[in-house]
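For reference, the chains in residue letters:
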Amino acid sequence: DRIASKSRISEGVILGLGSLLNGKLQTHEKSHQDSLIHQVAPEKGHLGEASGRGVKAFPFHIENAFQETPPDFLVLLCLEGDPNSSTAFIYAEDILRELDKETRALLREPIYTFHSGSDFEEPETYQGAVITIENKGRDRQVRVRFYEQEHRITTEDPNGQDALKK
């Protein structure tokens, strides 16, 4: 209730910042909140989850890796939060540098299944590669679909399973 009673100014700030960054506004109809702005607050029955409805810390992850086109970035504004929480960023290029050539090649194969989390009404999956590299003119876009939770990315390929552990 406290979150819902907050001013809509924060929502305007979020939308404005996303627009300034040339962000594409995305929603997902199967999410427990399918609006552009998510009011994230703990919900009874979900407190033990690391999700938008729970209070457990999120493991390191990319947002919505199970979608064909996950968002390039999120704009977050915390109105109420744990002062001991933090956000971590890792550049995709840094991840590539840490992996050997064989592992990079395996992770670029479309042999992986990405699974949605518990805050989606119906489970969703996407079949594809962990690492995608797209050249757009002079720009290179690298995306690494990553979840620290092992059950969210699976593959039947034993070599692919080994590559995920690296």
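I will try to describe carefully the structure that is included in this document. Being a predicted model, the structure only gives us computed values, none of them experimental.

Quick notes on the rules
Residues numbered from 1 in each chain as written. Predicted model: local features only at pLDDT ≥ 70, side-chain atom pairs only at ≥ 80, totals over all residues. Heavy atoms only, no water. Pairing = 2+ DSSP bridges. Helix = DSSP H or I, 4+ residues; strand = E, 2+ residues; numbered from the N terminus. Buried < 20%, exposed > 50% of the residue type's maximum accessible area, 1.4 Å probe, protein only. Polar contact = N/O pair within 3.5 Å; in protein donor to acceptor, adjacent residues only side chain to side chain. Phe/Tyr/Trp six-rings, centres within 6.5 Å; stacked < 30°, edge-to-face > 60°. Lys NZ or Arg CZ within 6 Å of the ring centre and 35° of its normal.

1. Re the sheet that holds strand S2 (residues 125-128)
Across the sheet, which stays open at both edges, the three strands sit in the order S2-S1-S5 with antiparallel pairing between neighbours. At either margin of the open sheet sits one strand with a lone partner, and together these are S2 and strand S5 (153-154). When strand S1 (residues 112-115) meets S5, the two strands line up antiparallel, connected through two bridges. Following the sheet pairing, threonine 113 is matched in S5 by threonine 154.

2. Some details on the side chain of threonine 155
With respect to the helices and strands, threonine 155 occurs in the loop between S5 and helix H4 (158-165). You can call threonine 155 buried: its relative accessible area is 8%. Polar contacts involving the side chain of threonine 155 include one to the main-chain amide nitrogen of aspartate 157, which spans 3.2 Å.

3. A few points about the packing of aromatic side chains
Summed over all chains, the structure comprises one aromatic pair. Positioned over the ring face of phenylalanine 114 is arginine 145, at 5.6 Å from the centre of the ring.

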